[in-house]
Amino acid sequence: MTDLVVFLVLLTLGFVFGRLAESRHFKSIQKRERELATVLAFSERLPPPTNTPRRVALVGGNVVISVDYFKMIAAGLRSLFGGRVRSFESLVERARREALLRMKQQALELGAAMVVNVKLETASISKGSKGQIGAVEVYAYGTALIDIT
Amino acid sequence: MSNYENRPVPEGINYSQENPLKEFFLLLLAAGGALLVLLLILSLAAQKLAPLVPFSLEEKLVSRYAEQFPAPPESERAQLIENYLQQLAEQLLESQRLPEGLNLKIHYLPSKTVNAFATLGGNVYILDGLLEKMDSENALAMVVAHEIAHIINRDPIVAMGRGLTVSLALASVAGLSNSGAADWLIQQLGLATVMSFTRDQERAADAMALDMLQAHYGNVQGAGRLFAVMSEGGIAPPELLSTHPLSDKRIAAIQAYAQSHPQQGEPYPLPELIQQ
Amino acid sequence: MLVSNIEIIPGKRIASHLGLVQGNTVRTKHVGRDLMAGLKNIFGGELKGYTELLNDAREEAMQRMMQQAEAMGANAVINVRFSTSSVAAGAAELFAYGTAVVLE
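Residues numbered from 1 in each chain as written. Chains lettered and ligands numbered in written order. Predicted model: local features only at pLDDT ≥ 70, side-chain atom pairs only at ≥ 80, totals over all residues.

Re the overall build of chain C
Each helix and strand in chain C was counted, giving two helices and four strands. Counting from the amino terminus, chain C carries its helices and strands in the arrangement β-β-α-α-β-β. In chain C, once contacts between residues fewer than 6 apart in sequence are set aside, the share between residues at least 24 apart is 77%. (Helix = DSSP H or I, 4+ residues; strand = E, 2+ residues; numbered from the N terminus. Contact = placed C-beta atoms within 7 Å.)

A few points about the overall build of chain B
Of regular secondary structure, chain B possesses eleven helices and four strands. Sorting the 276 residues of chain B into buried and exposed places 32% on the buried side. Residue pairs in contact within chain B that sit at least 24 positions apart in sequence constitute 72% of those at least 6 positions apart. (Buried ≥ 20, exposed ≤ 12 C-beta atoms within 10 Å, placed from the backbone.)

Quick notes on the interface of chain A and chain C
Between chain A and chain C, the contact holds 30 residues from the first and 30 residues from the second. When residues of the side of chain A that touches chain C are traced back to their parent elements, those giving at least two are strand 1 (40-41), helix 2 (69-81), strand 3 (82-84), helix 3 (86-109) and strand 4 (114-125) of chain A. When the residues that make up the side of chain A that touches chain C are grouped by side-chain class, the tally is 15 nonpolar, eight polar and seven charged. For strand 3 of chain A and strand 2 (residues 14-29) of chain C, the ladder comprises three bridges, and the chain directions are antiparallel. Each residue of the ladder has a partner; that of G83 of chain A, found in strand 2 of chain C, is T28 of chain C. (Nonpolar A, V, L, I, M, F, W, Y, C, P; charged D, E, K, R; others polar. Pairing = 2+ DSSP bridges.)

Let's talk about the confidence of the model for chain B
When pLDDT is low, close inspection of the predicted coordinates is not appropriate. Residues and elements named next belong to chain B. In this model, chain B carries an average pLDDT of 78, and 84% of its residues clear a pLDDT of 70 or more. Mean pLDDT values over the elements of chain B span from 53, in helix 7 (residues 180-190), up to 88, in helix 5 (residues 137-152). Overall, residues 190-195 carries pLDDT values under 50, and its contacts beyond four positions in sequence, including any with other chains, amount to eight contacts. The low-confidence segment residues 235-241 (pLDDT under 50) makes five contacts with residues lying over four places distant or belonging to another chain. (pLDDT = per-residue confidence, 0-100.)

With respect to the nonpolar core
Counting 65 residues, the largest nonpolar core has F88 and V115 of chain A together with V21, M65 and V77 of chain C as the members making the most contacts within it. Setting aside residues up to four positions removed in sequence, V21 of chain C forms contacts with V9 of chain B together with M65, Q68, A69, M72, V77, Y97, G98 and A100 of chain C. Counting 37 residues, the second-largest nonpolar core is a separate cluster that includes A89, V220, L226 and I254 of chain B. (Core = buried A, V, L, I, M, F, W, Y, C linked by C-beta atoms within 7 Å.)

So, the packing of helix 2 of chain A against helix 3 of chain A
Residues and elements named next belong to chain A. For the pair helix 2 and helix 3, the least separation of the axes is 8 Å and the interaxial angle reads 130°. By the angle between their directions, the pair helix 2 and helix 3 is classed as oblique. In this structure, helix 2 uses K71, A74 and A75 to contact helix 3, whose residues at the interface are S87, F88 and L91. The residue inventory of the contact of helix 2 with helix 3, partitioned by class, reads four nonpolar, one polar and one charged. (Axes fitted to C-alpha atoms, helices over the stretch in contact; angles between N-to-C directions. Parallel < 35°, antiparallel > 145°, perpendicular 65-115°, else oblique.)

A word on the sheet that holds strand 4 of chain A
Residues and elements named next belong to chain A. Within the open sheet, the four strands sit side by side as 1-4-5-2. Their pairing is mixed. If you trace the sheet from one side to the other, it starts and ends with strand 1 and strand 2 (54-66), each paired once. Pairing geometry for strand 2 and strand 5 (residues 135-147), over 13 bridges, is antiparallel. Paired with R54 across the bridge in strand 5 is D147. Helix-sheet contacts for helix 3 involve strand 1, strand 2, strand 4 and strand 5, and the interaxial angle to strand 2 is about 150°.

Digging into the packing of helix 1 (residues 2-35) of chain A against helix 2 of chain A
All names here are of chain A. Interhelical geometry of helix 1 versus helix 2 gives an angle of 110° and a closest axis separation of 6 Å. Classified by the angle between their axes, helix 1 and helix 2 sit roughly perpendicular to one another. Seen from helix 1, the contacting residues are L10, L11, L13, G14, F15 and G18; seen from helix 2, they are Y69, F70, K71 and I73. Per-class residue counts for the contact of helix 1 with helix 2 are seven nonpolar, two polar and one charged.

Notes on the sheet that holds strand 2 (residues 105-109) of chain B
Residue and element names in this part refer to chain B. A sheet is described by the order of its strands in space; here three strands give the open sequence 2-4-3, paired in mixed fashion. Each edge of the open sheet carries a strand with a single partner, namely strand 2 and strand 3 (116-119). Ignoring strand direction, the axes of neighbouring strands in this sheet form an average angle of 20°. Where strand 3 and strand 4 (residues 123-127) come together, four bridges link them in antiparallel fashion.

Okay, structure coming up:
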């Protein structure tokens, strides 16, 4: 019985705080995406042909985002039936956009207006004893093109 | 020279913006339903198959775990009480045909707990606490007859078969889901299925016990005593959670039985041995 | 919508580069499939259930990526890359990303 109470408390805490954190994170991502819109990012390997002298620098940004208890239980339930795991989709989406933003932030600090050959790496870290996920890491990296003026 | 720009991406393509609670409850409902159906099917199958286990095998199984059963009482009085209970059981059994190979053993435990139970291997345990609460031999006979009825109906092996099947099924589902969370959830659900007799089994045992009493004494007086003790002796759980039918309902069933069968004679007093 | 993993579409000129588009999905198979896969582990051979799962998921990730590109007003996605990771045991995450462009 105490187990059930602990479980319900954890679930509620996970849901309330997880959802709060998620909506706050999405708002912050949207805000910063507008702010950093001046830094362009492309997955193309080659920079646009140009005659202006340029310096290049490797820029990157990473982020580790943890699941909350609610997401974990929801995913566990989902794995019984199969299908789309919505609770994890929003998690990786947040991680990707955050990593890209951090990469762009670094490029902006270097004075770059464009990042090319952007690549994204995903890893799940701190797996539990039963293989349940603890957190997801996304690393975004690319080559920043800095105009030499 | 082509033009380079970053256009904003609309929200909600890679993730869903709907409230996750909706999906969660739907899944929970579906998982609970599926599990319930699975358990029902398995326990029904176990119930049908378990009585086919020969009694000799059941006894062999029990003898292997002999040390887990309560030790026989040592005092002379306890042995006398045990003999008396065994005799009472044999008298009650005269009206019933004990299935082939079934051995009935009545044990007395000098424990103050108010309880009596039937278990594997034809073993019936009557605890001193319950014995003390009985006001006549007929009342005690009802207790003994009820437990004998469980043995005749092979209820202990059915309950064990069901318990084993259910826990096996739960363990395999938990192993499959590959996720610690689901594993945990299933464990919690599994707690609800402990080894116990179902309400139907209890009802059948009550009916058989009344037949035994009627055949032996010519009346079913004192039969209600057991349930009166049960309902006063503890907190009665709500009917849904309880495996035993509510005491009121069982008393009503006894009254109905008494009205449809001729009642002759008075209840016998308990022997002095127990009254001490 | 033209999708390609090279950077230049032969015979076409890229009018404008619109930036990164991404599509992702996390999928699991139901326990029945997991059970069959477990059995298959004894005998070896193709896990059709999982092949199908990953294929469907990759298809969906690509659809979502193209949806983003379409919303941007692009008519092609070039230099597309796929990445797969197992976010949780039994669940696969498929991710596709590329550069949305307007071809002339």
